[in-house]
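Here is how the chains run, residue by residue.
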Amino acid sequence: MKRKIDHYSHGEARTRNGQLIEFSCPPEDKEKVTETIANNIRFVNLPNSHKSVTGHGSHGGFSRFKLKQHKYAGGGPGEYGEWGYIEVLEIKNPPEGRHPFVIYEANSNGKNTFYEWKTLAQAIAAYEKHWSNSDNRGSFPKLPGFKRMALCGLLVPWFYALGDEDLLGDYAFPDGLQDDPVFRFGERFVCYENDVPVAKTCMGTRFVEETSRYNDGVHKKYRLVVWHDGSMWNENEEKNQTPRPLIEGELWITEAMQKFKNFLSGKTDKFEIDFINGQKFIGHLTPKKDPHESPAGDYNLAVTFKSGQPARGWVQNFVPTPEIPNIIEHVKKGVAAKGREVDRIEILGSRPEKGGKKWSGVFYGHS
């Protein structure tokens, strides 16, 4: 007698010869089914093969998963071939650990992104409100029901995987990304984001050949390197910040440079770097003979004027600058603007701003 199954869990597993199989079973049996497929099944031949096809203007989006497109808007190609579209998708059979409600944006500039939502209704509401916006990476995270955002770049999101393509994190294994003698799949590199070095894993390289429309028809060929987080390095536009291979064991260098960058920008006045041999590097500021800079925050002051009239109260939201580094100078300048002179200022108490500037910083104003 067959038992009644009320709840299903979707999963994927490979047979002994590597064939990828999608299955559904009771959640408590998933591990057992996966093990059975991997150890006891060599190949499965299905009499019919079906794929989901979603409409994207003049072309469709194929997937091995069951997709339902609830909303869609798109445009292009324009005069120079630019295009873009946005859609609300429901994945009916997501593997365990994958979310079923997404908004997916794709365009010709490679800034493809998908956004996960707690419910389908919230995804549709977000689409209805912002489908025509050009900055949904900034607007969607502020809306009710938003879960997270995944940058795709040239990578294919997992829910558009075909055939036996592996799922690597948020993506299907890249198609059409050629091997490169330097930027090889799986290799780690030190990249730069806003001049800060970060370690990233290469997902592949695509070579682009084009003829410039604005520079007398000059023909050029360059790389687009795709990273594991969906970001890209464009060799043609970012020649001054070429990623370099990450040498084994040098992650501490990247960490140290990030900490030092924060130190120089004034976000902290001390930092530490731990070495693998147990030693530690400590960097901090030495006191100056002149008055210290005051941390950002609120100050309770007692002020005595040369006219003899005292005043007492809180000064709110003070932020140090190179011109006015401390609360004393700040008050003096404010009083002078009113034509009065200060005889004495006493700090009775303070409430430093959490995470506020603690010193002016070498790069004050640029952090």
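In the block above lies the structure referred to throughout.
What you are looking at is a predicted structure, and each value in this text was computed from that prediction instead of being measured.

Novice: Break down the sheet that holds strand β21 (residues 342–352) for me, citing the residues and quoting the values.
Specialist: Read from one edge to the other, the open sheet built from three strands follows the order β20-β19-β21, with strand pairing classed as antiparallel. Each end of this open sheet is capped by a strand with a single partner; those strands are β20 (310–318) and β21. Ignoring strand direction, the axes of neighbouring strands in this sheet form an average angle of 25 degrees. Pairing of strand β19 (residues 297–305) with β20, which is carried by seven bridges, proceeds in the antiparallel orientation. If you follow V303 over to β20, its bridge partner there is A311. The sheet strands contacting helix α5 (residues 327–336) are β19, β20 and β21, and the helix crosses β21 at an angle near 130 degrees.

Novice: Which residues make up the nonpolar core, and what values go with them?
Specialist: Side chains of nonpolar character tend, in soluble globular proteins, to be buried together. Counting 21 residues, the largest nonpolar core has F65, L67, I91, Y104, F114, W158 and F159 as its most contacted members. Only β6 (84–91), β7 (101–107) and β11 (171–172) provide two or more residues apiece to this core. Setting aside its immediate chain neighbours within four residues, F114 contacts V102, I103, Y104, R148, M149, A150, C152, P157, W158, F159 and D170. Ranked by size, the runner-up nonpolar core spans 14 residues in total, among them I86, V88, I103 and F146.

Novice: Give me the lowdown on the environment of D166, citing residues and values where you can.
Specialist: Positionally, D166 belongs in the loop between β9 (146–151) and β10 (167–168). Judged by its relative accessible area of 35%, D166 falls in the partly exposed class. Considered as a pair, D166 and E12 are 154 residues apart in the sequence and their alpha carbons are 9.7 Å apart. Dropping the residues within four chain positions of it, D166 is found in contact with R14, Y171, A172 and F173.

Novice: Let's hear about α5: which residues, and what values?
Specialist: Each turn of an α-helix holds 3.6 residues, which means side chains three or four residues apart point in the same direction. When we look at burial in α5, the residues that qualify are I327, V331 and V335. The buried side chains of α5 occupy one side of the element, clustering within an arc of 70 degrees when seen end-on. Regarding α5, its N-cap is N326, as a side-chain oxygen of that residue lies 3.1 Å from the backbone nitrogen of I328 further along.

Novice: Outline the packing of aromatic side chains, listing residues and values.
Specialist: The tally for this structure, following the rule as stated, stands at 17 aromatic pairs. Aromatic side chains F114 and F159 sit 5.2 Å apart centroid to centroid with 80 degrees between the ring planes, which places their arrangement in the edge-to-face category. Residue F114 is located in strand β8 (residues 113–117), and its partner F159 is located in the loop between β9 and β10; the two are separated by 45 residues in the primary sequence. Assigned by exposure class, F114 and F159 land together as buried. Considering the side-chain rings of Y115 and F140, the 4.7 Å spacing of their centres and the 80 degrees angle between planes classify their relative orientation as edge-to-face. Residue Y115 is located in strand β8, and its partner F140 is located in the loop between α3 (136–139) and β9; the two are separated by 25 residues in the primary sequence. Like F140, Y115 is buried. Lying over the aromatic face of F305, R340 brings its terminal NZ or CZ to 3.9 Å of the ring centre. Looking at R351, its charged tip hangs above the ring of W314, at a distance of 4.0 Å from the centre.

About the criteria used
- Residues numbered from 1 in each chain as written.
- Predicted model: local features only at pLDDT ≥ 70, side-chain atom pairs only at ≥ 80, totals over all residues.
- Heavy atoms only, no water.
- Pairing = 2+ DSSP bridges.
- Helix = DSSP H or I, 4+ residues; strand = E, 2+ residues; numbered from the N terminus.
- Axes fitted to C-alpha atoms, helices over the stretch in contact; angles between N-to-C directions.
- Contact = heavy atoms within 4.5 Å.
- Core = buried A, V, L, I, M, F, W, Y, C linked by side-chain atoms within 4.5 Å.
- Buried < 20%, exposed > 50% of the residue type's maximum accessible area, 1.4 Å probe, protein only.
- Arc of directions from axis to C-beta.
- Polar contact = N/O pair within 3.5 Å; in protein donor to acceptor, adjacent residues only side chain to side chain.
- Phe/Tyr/Trp six-rings, centres within 6.5 Å; stacked < 30°, edge-to-face > 60°.
- Lys NZ or Arg CZ within 6 Å of the ring centre and 35° of its normal.

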